[in-house]
There are 2 protein chains.
Amino acid sequence: MSPRTGRRPGDADTRGAILSAARQQFTEHGFERATMRGIARAAAVDPALIHHYFGDKVTLFGVAMEMPADPHVLVARMVEGPIETLGERIVRAFVAVWLGPGGSQIVALLRSATTNEQAARMLREFMTAVLLKGIASRLEVENPELRAGLCASQIVGVGLLRLVLAFEPLVQADEEELVAWLAPTLQRYLTAPLPSSPA
Amino acid sequence: MSPRTGRRPGDADTRGAILSAARQQFTEHGFERATMRGIARAAAVDPALIHHYFGDKVTLFGVAMEMPADPHVLVARMVEGPIETLGERIVRAFVAVWLGPGGSQIVALLRSATTNEQAARMLREFMTAVLLKGIASRLEVENPELRAGLCASQIVGVGLLRLVLAFEPLVQADEEELVAWLAPTLQRYLTAPLPSSPA
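Just so we're clear, the structure is a prediction, and the values are computed from it rather than from any experiment.

The next thing to look at is the relation of the copies chain A and chain B. After a rotation of 180° and a shift along the axis of 0.0 Å, chain A superposes on chain B with an RMSD of 0.0 Å. The superposition of one copy onto the other is thereby described by a two-fold rotation axis. If distances are taken from each C-alpha of chain A to the rotation axis, the shortest is found for A:Gly157, at 1.8 Å. The share of interface residues of chain A whose copies in chain B are also at the interface is 100%, consistent with both copies meeting through the same surface.

As structure tokens, this is what we get:
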């Protein structure tokens, strides 16, 4: 019963209030314009408490959206390492998420983003600000945003066909098969010279 | 007013009844198990009349789902021609649909398939039976279904990011840019030797 040991009884409620306020603010304002200050105000807590519980806006977004991994960790896992194997690391990071227990959260995110304009904006802004910016920051090539976007399109496409549409040949494919097919695609998008149009 | 010239007054109603019965039967039984006979029965018309108005089950599905092009025409446009440019023809066929007035129907199809299990099954069975079978029929390689599925994943992924999520770098990309990036990806999935896993 000492207030100095363990968690205070109010912790779970406070965390819950912050997450609920975060979801509401991200939905209403999008990822870009939602602020920690605004979320703190909506949850009636001090902004420092949000930082204490959840770190920064990116991590808070990941927790509020029930993403299966901290976006910072995901991006670090992808971008750290030789540029020649960046494509493979991106594919492996996502395949691990799909095949893990968090696959169903990915399905839920894709579902809401395809049917709800606010959810689409949220996901678009988050992907642009965090995932694509993280990947593009490693690229010393022309048009890094389009290149990162093409990578995202291939990753999201396989995720959708495998997890949401339950497309049999993709459901059957194992992790190494997917990596072997997809990694060179992403590597080309990331580092190949800009292609010229086919004749 | 002569009953022998022009369309009978009942034509529009009959077509509408057939389309409505088709949607109901495709939704309930999926693309594979829905039959022209069952649709005729549900619409209370003779099966021959459905063939007269809509041709076969594939074309009827395309009209009932408000697809922007007859699936037979789309598949023919893709598969006819040299195997070395099959990837490019597939990309061009879909990019033309996205950029055309039918883009919004694609959005509607993707939306319903991501949120509704019956719609997902319908789209999955249709894609498997028509698009993927058509493409796989041109391939003399191992694992044609997975290869066609990988092509579908890249196409669906770009369509989703561009049309549904309105992902800026992909929205900005013009037709020739998309073809130049995507055609080699599909061509590799279609005709390259099975990849070995990265080391």
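Counted under the stated rule, the structure contains 14 aromatic pairs over all chains. Taking 5.5 Å as the distance between ring centres and 85° as the angle between the ring planes, the aromatic pair formed by A:Phe31 and A:Phe126 counts as edge-to-face. A residue pair is termed long-range when its members are at least 10 positions apart, and A:Phe31 in helix α1 (residues 11–33) and A:Phe126 in helix α8 (residues 117–136) qualify at 95 residues. Consider the rings of B:Phe31 and B:Phe61, whose centres lie 5.1 Å apart with planes at 80°: the pair is edge-to-face. Here the residue B:Phe31 occupies a position in helix α1 (residues 11–33), and B:Phe61 occupies one in helix α4 (residues 57–64), the gap between them amounting to 30 residues. Neither B:Phe31 nor B:Phe61 differs from the other in exposure class; each is buried. Taken together, the aromatic side chains of A:Phe26, A:Phe31, A:Phe61 and A:Phe126 make up a single cluster linked through ring pairs.

We now examine helix α6 (residues 86–99) of chain B. All names here are of chain B. In a regular helix each residue adds 1.5 Å, so 14 residues correspond to 20 Å; α6 covers 20 Å between its end C-alpha atoms and thus fits that length. Judged by how many residues are buried, α6 sits mostly within the fold: 11 of 14 residues are covered. Within α6, the full set of buried residues consists of Leu86, Gly87, Glu88, Arg89, Ile90, Val91, Ala93, Phe94, Val95, Val97 and Trp98. Where α6 is buried, its residues contact α5 (71–79), α7 (103–115), α8 (117–136), α9 (144–164) and α11 (175–191).

Reading the values: rules and limits
- Residues numbered from 1 in each chain as written.
- Chains lettered and ligands numbered in written order.
- Predicted model: local features only at pLDDT ≥ 70, side-chain atom pairs only at ≥ 80, totals over all residues.
- Heavy atoms only, no water.
- Least-squares fit on C-alpha atoms with pLDDT ≥ 70 in both.
- Contact = heavy atoms within 4.5 Å.
- Phe/Tyr/Trp six-rings, centres within 6.5 Å; stacked < 30°, edge-to-face > 60°.
- Helix = DSSP H or I, 4+ residues; strand = E, 2+ residues; numbered from the N terminus.
- Buried < 20%, exposed > 50% of the residue type's maximum accessible area, 1.4 Å probe, protein only.
- Expected span 1.5 Å × (residues − 1).

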